[in-house]
Amino acid sequence: GESSSSGSQLVKLFVGQVPRNLDEPDLLPVFEAYGPLADVAIIRDRYSGAHRGCAFVTFRSGDDARRAVEGVHDRVRLDGARRPMQVR
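Residues numbered from 1 in each chain as written. Predicted model: local features only at pLDDT ≥ 70, side-chain atom pairs only at ≥ 80, totals over all residues. Heavy atoms only, no water.

S.K.: Would you mind showing me how to read the pairing of strand E1 (residues 11–16) here?
M.R.: The two faces of the sheet receive side chains in turn, since in a regular strand these alternate between them. As defined by bridge partners, E1 adjoins strand E3 (residues 51–59) across six bridges and the pair is classed as antiparallel. Counterpart to Phe 14 in the pairing with E3 is Phe 56. As paired elements, E1 and strand E4 (residues 86–87) share two bridges and run antiparallel to each other. Across the sheet, Val 15 pairs through a bridge with Val 87, a residue of E4. (Pairing = 2+ DSSP bridges. Helix = DSSP H or I, 4+ residues; strand = E, 2+ residues; numbered from the N terminus.)

S.K.: Sorry if this is basic, but what is going on with the packing of aromatic side chains here?
M.R.: Each aromatic ring pair is specified by the distance between its two centres and by the angle formed by the two planes. Throughout the structure, instances matching the rule amount to two aromatic pairs. Centre to centre, the rings of Phe 14 and Phe 56 are 6.0 Å apart; their planes meet at 70°, and the pair counts as edge-to-face. On the criterion of sequence distance, the pair formed by Phe 14 in strand E1 and Phe 56 in strand E3 is long-range, its members being 42 residues apart. Residue classification places Phe 14 among the partly exposed positions, given a relative accessible area of 22%. Take Phe 56: its relative accessible area is 30%, and that puts it in the partly exposed class. Plain terms: the ring middles of Phe 31 and Phe 59 are 6.5 Å apart, the flat faces sit at 70° to each other, and that makes the pair edge-to-face. Taken together, the residues Phe 31 in helix H1 (residues 24–32) and Phe 59 in strand E3 connect sequence positions 28 residues apart. For the pair shown, Phe 31 and Phe 59 are each scored as buried. (Phe/Tyr/Trp six-rings, centres within 6.5 Å; stacked < 30°, edge-to-face > 60°. Buried < 20%, exposed > 50% of the residue type's maximum accessible area, 1.4 Å probe, protein only.)

S.K.: Looking at this structure, I do not really get unusual backbone geometry. What am I missing?
M.R.: Among all residues except glycine, the phi angle is most often negative; among peptide bonds, the trans geometry is most common. Here the phi dihedral of Gln 17 falls at roughly 65°; this positive angle occurs in a residue that is not glycine. Look at Gln 17 and you get partly exposed, because its relative accessible area is 27%. The backbone of Asp 74 shows a phi angle near 65°, a positive value even though the residue is not glycine. Here Asp 74 lies in the loop between helix H2 (62–72) and E4.

S.K.: How should the sheet that holds strand E2 (residues 37–44) be read in this particular structure?
M.R.: With respect to topology, four strands assemble into an open sheet ordered E2-E3-E1-E4, the strand pairing being antiparallel. Looking at the sheet topology across the chains shown, the edges are occupied by E2 and E4. Along the sheet face, H2 touches E1, E3 and E4 and points at about 15° away from the line of E1. (Contact = heavy atoms within 4.5 Å. Axes fitted to C-alpha atoms, helices over the stretch in contact; angles between N-to-C directions.)

What follows is the structure in structure tokens.
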């Protein structure tokens, strides 16, 4: 991958168990608690645009991303989800 001008490495995490009634702004506070984000994107079906129940969250720092995985994976359950988020 290409590094940005600051030399920092973006780290993209896969997030599963995202209820279909939630959108990007609903995920921001959960992950921003661990550090600045470059991007949050709900994964949608290419053709129908339907919410797939998962998302990508991109951190600006690998350390922040690692701490988010430790803090959220299998621990934090979003409103409307049956199971805690799966983060990897």
